[in-house]
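# Structural description and commentary
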Amino acid sequence: MFLRFLILLFITLLALLAMATDGAPAIQRDATLSPTAIAQARWLFLSNDPRHLKPGQVRQLAIPASLLDQGVNYLASRRLPARGAFAIDGNAAQIRLSLPLLAGRHANLTLKINTREGQPELAAAHLGTLPLPTSLMTALAGSALAASGYQREFELARNALRAVDFDNRGQRLLVTYTWEPALLDRARNIAFAPQDLAALQAAQSDFVASLAHHAQGSRLALPGVLGPLLKDRERAGRRAVLLVMSAYFAEKNLVHLVPQAAQWPKPKPLMLTLLNRYDSAQHFIISAALAAWAGEPIADAIGLYKELADARHGSGFSFADLAADRAGTRFGEMINRDAPELELLQQENLNDNDLLPSLDALPESLHEAEFRRRFDQPGSSAYRLMSEEIERRLASMPLYGGKPP
């Protein structure tokens with residue numbers, strides 16, 4: 001009798017496993033963000049800049065479903081080795097996640113979100129073809145939130161939320177909220193742990209000291225400043241250096257991110273260059289900081305977005321700038337994973353050619369009509385050839401895991 005019970009239990013578990021997992025992922029896509037998504041996110045921020053909102057002011061966000069779709073996929077790929085998707089169908093939304101398991105199996109999770117009295121509510125959940133109790137999923141989400149330590153932040157955000165609606169015709173998520181300045185403070189607390197703040201303050205002090213003995217307006221090679229600042233620092237300290245220097249290059253005050261920085265020393269205005277170019281140093285450092293703090297997809301998407309914007313009404317599209325972006329992105333990602341190649345930073349004579357390959361013959365100053373004539377659009381065969389050439393040059397550099405030609 002007991003043996004029969006074990007056999008039945010084993011068969012039941014196998015059946016549940018078969019229902020809950022699949023032989024293929026339900027979602028197959030790259031972990032990339034498009035320039036369009038960056039433009040949408042930028043517009044949303046500018047139209048809801050918290051610095052211009054008044055306490056108690058009621059606002060409505062109209063978030064494109066396409067932006068949420070790419071955002072869900074980005075978070076799934078960054079926080080898990082997974083892929084994700086978001087879609088609005090009628091008066092409900094669907095979130096899907098595909099997570100690879102052992103033996104070629106995949107966990108495909110589908111969540112259906114409805115609204116009740118203007119508030120989001122989990123309406124259905126499936127793991128493969130296996131339905132999951134919504135009450136259990138809601139309880140698990142609550143437990144996970146409590147364990148994360150962000151319960152207070154969640155309650156603050158929920159209290160500010162007035163209504164959520166899924167606009168099927170416009171394919172938008174409509175969020176009505178009441179602005180509370182405490183939301184920004186809590187967001188900063190999530191973004192920067194106490195150890196991050198300490199690392200940022202130390203990086204700012206060291207950066208200021210490294211420029212102090214140079215005359216204002218002097219030109220300095222970036223490696224001579226960056227190398228010593230990164231040397232002998234752990235990963236958190238190196239990420240802090242990149243963030244401090246990116247704020248410097250972007251001419252943005254760190255106070256907007258870290259109010260405590262108002263009391264920190266200020267660096268002299270100097271010209272830091274890479275291959276004797278200020279723009280290359282700027283692109284390199286900002287992309288490195290984005291990759292180290294937010295991930296490679298965001299760094300690449302922002303770099304491409306900026307070049308396309310420059311082609312329309314700026315200095316023109318520049319593959320040389322994209323090369324500096326890609327080098328910086330690789331550099332930031334290497335810092336995130338403590339790549340062994342970073343031992344090169346310990347040498348005393350770090351130079352420009354260690355960080356950035358030659359920019360010779362990379363087209364620049366291409367305004368929109370010329371860019372379209374020669375390269376059509378990102379993804380075209382001509383554009384891919386230039387991108388592949390940039391990657392080939394980077395791959396030949398010792399810092400990025402290659403051997404010099």
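Up top you'll find the structure we're talking about.
The following refers to the structure shown. (Residues numbered from 1 in each chain as written. Predicted model: local features only at pLDDT ≥ 70, side-chain atom pairs only at ≥ 80, totals over all residues. Heavy atoms only, no water.)

### Considerations on the overall build of the protein
Threshold: Runs of E in the DSSP output that reach at least two residues are strands. Runs of H or I that reach at least four are helices, and both are numbered from the N terminus. The cut-offs for exposure are 20% and 50% of the maximum accessible area for each residue type, with area from a 1.4 Å probe on protein chains only; residues under the lower value are buried, those over the upper are exposed, and the others partly exposed. Here a residue-residue contact requires only that any non-hydrogen atoms of the pair lie within 4.5 Å. Residue exposure ignores everything except the shown protein chains as possible cover, and the areas themselves are Shrake-Rupley values with a 1.4 Å probe. Think of it this way: Lys and Arg go in the positive column, Asp and Glu in the negative one, and His and the chain ends go nowhere. Throughout, a charge is located at the NZ atom of Lys, the CZ atom of Arg, the CG atom of Asp or the CD atom of Glu.
Helix and strand content of the protein: 15 helices and ten strands. Its C-alpha atoms put the protein at 85 × 55 × 50 Å along the principal axes. The burial tally for the protein puts 42% of its 405 residues in the buried class. Nonlocal contacts in the protein, meaning residues at least 24 apart in sequence, comprise 66% of its contacts between residues at least 6 apart. Summing over all exposed atoms, the protein offers an accessible surface of approximately 21800 Å²; the carbon and sulfur share of this is 58%. Positive and negative side-chain charges of the protein, numbering 42 and 40 respectively, have mean locations separated by a distance of 4 Å.

### Thoughts on unusual backbone geometry
With a phi angle near 50°, Gln-171 is a residue other than glycine that sits in the positive phi range. If you trace the backbone, Gln-171 turns up in the loop between strand 7 (161-167) and strand 8 (172-178). What makes Gln-171 partly exposed here is its relative accessible area of 32%.

### Quick notes on helix 9 (residues 235-249)
The periodicity of an α-helix, 3.6 residues per turn, causes residues three or four places apart in sequence to face the same way. Using the following cut-off: Given the number of residues in a helix, its expected span is that number minus one, multiplied by 1.5 Å.
Taking 1.5 Å of rise per residue, the 15 residues of helix 9 would be expected to cover 21 Å, and the 21 Å separating its terminal C-alpha atoms lies within 8% of that figure. Burial analysis of helix 9 places 13 of its 15 residues in the buried class, which makes it a mostly covered element. Just downstream of helix 9, Glu-251 is the residue with a positive phi angle, here 55°.

### Comments concerning the pairing of strand 4 (residues 106-116)
For a regular strand, the rule is simple: side chains alternate between the two faces of the sheet. What counts is decided by this rule: The criterion for strand pairing is that DSSP finds at least two bridges linking the strands in question.
For strand 3 (residues 92-100) and strand 4, the ladder comprises eight bridges, and the chain directions are antiparallel. Paired with Ile-95 across the strands is Leu-111, a residue of strand 4. Hairpin connection, strand 3 to strand 4: the antiparallel pair is bridged by five residues, and Ala-103 has positive phi, about 60°. Pairing of strand 4 with strand 5 (residues 119-127), which is carried by eight bridges, proceeds in the antiparallel orientation. Bridge pairing links Leu-109 to Leu-127 in strand 5. The antiparallel pairing of strand 4 with strand 5 creates a hairpin that spans two residues between the two strands, and Glu-117 there sits at a positive phi of about 55°.

### Side note on the pattern of salt bridges
We count it as follows: Criterion for a salt bridge: a side-chain nitrogen of Lys or Arg within 4 Å of a carboxyl oxygen of Asp or Glu.
Per the counting criterion, the structure on display carries 13 salt bridges. Here Arg-158 and Glu-155 are joined by a salt bridge, their closest N and O atoms 2.8 Å apart. Pair noted here: Arg-158 and Glu-155 are both in helix 5 (residues 151-160), with a separation of three residues, about one helical turn. Of the residues examined, Glu-155 reaches a relative accessible area of 24% and is grouped as partly exposed.

### Focus: the sheet that holds strand 1 (residues 58-64)
We count it as follows: Fitting a line to C-alpha atoms yields each axis, with helices limited to the stretch in contact; the angle taken between N-to-C directions then spans 0 to 180 degrees.
Taken in spatial order, the three strands of this open sheet run 1-8-7, and their pairing is antiparallel. The two strands at the open ends of the sheet, each matched to only one other strand, are strand 1 and strand 7. Strand after strand, the sheet turns through a mean of 15° between neighbouring axes, direction not considered. In this structure, strand 7 lies alongside strand 8, joined through six bridges in antiparallel fashion. Bridge pairing in strand 8 links Val-164 to Val-175. Across the sheet, helix 3 (residues 65-79) touches strand 1 and strand 8, and the angle it forms with strand 1 is around 75°.

### Some details on the environment of Leu-97
On the secondary structure map, Leu-97 appears in strand 3. Distance from Leu-97 to Gly-84, taken between C-alpha atoms, is 4.4 Å for residues 13 residues apart in sequence. Each residue touching Leu-97, except ones within four places of it in the same chain, is listed here: Ile-27, Val-72, Ala-76, Arg-83, Gly-84, Ala-107, Asn-108 and Leu-109.

### Regarding the packing of helix 10 (residues 278-293) against helix 12 (residues 319-336)
As a reminder of what qualifies: Definitions for this section: a left-handed crossing has its near helix turned counterclockwise from the far helix by less than a right angle. A right-handed crossing has that turn clockwise.
In contact at an axis separation of 7 Å, helix 10 and helix 12 are set at 35° when each is read in the N-to-C sense. For the crossing formed where helix 10 meets helix 12, the hand is right-handed. Residue-level inspection shows Asp-279, Ser-280, His-283, Phe-284, Ser-287, Ala-288, Ala-291 and Ala-292 of helix 10 in contact with helix 12, the latter providing Asp-321, Ala-324, Asp-325, Ala-327, Gly-328, Thr-329, Phe-331, Gly-332, Glu-333 and Asn-336.

### A word on the side chain of Asn-336
Applied cut-off: N or O atoms closer than or at 3.5 Å make up a polar contact, with two conditions inside protein: a donor-capable atom paired with an acceptor-capable one, and, for residues adjacent in sequence, both atoms drawn from side chains.
Tracing the chain through its elements places Asn-336 in helix 12. A polar contact is formed between the side chain of Asn-336 and the side chain of Arg-239, at a distance of 3.5 Å. For Asn-336, the contacting residues outside a window of four places in its chain are Arg-78, Arg-235, Arg-239, Ala-291 and Ala-292.

### Here we look at the sheet that holds strand 3
The strand order across the open sheet built from five strands is 2-3-4-5-6, with neighbouring strands paired in antiparallel fashion. A single partner strand is all that each edge strand has here, and the edge strands are strand 2 (83-89) and strand 6 (130-131). In this fold helix 3 packs onto strand 2 and strand 3, with an angle of close to 155° to the strand it touches most, strand 2.

### Points about the packing of helix 9 against helix 10
The test is simple: Under this scheme an angle from 65 to 115 degrees is roughly perpendicular, one under 35 degrees roughly parallel, and one over 145 degrees roughly antiparallel; angles in between are oblique.
The geometry of helix 9 relative to helix 10 is characterised by a closest axis approach of 8 Å and an angle of 135° between their N-to-C directions. Taken together, the axes of helix 9 and helix 10 lie oblique to each other. In this structure, helix 9 crosses over helix 10, and the sense of that crossing is left-handed. Along its contact with helix 9, which presents Arg-239, Ala-240, Leu-242, Leu-243, Met-245, Ser-246 and Phe-249, the element helix 10 presents Tyr-278, Ala-281, Gln-282, Ile-285, Ile-286, Ala-288, Ala-289, Ala-292 and Trp-293.

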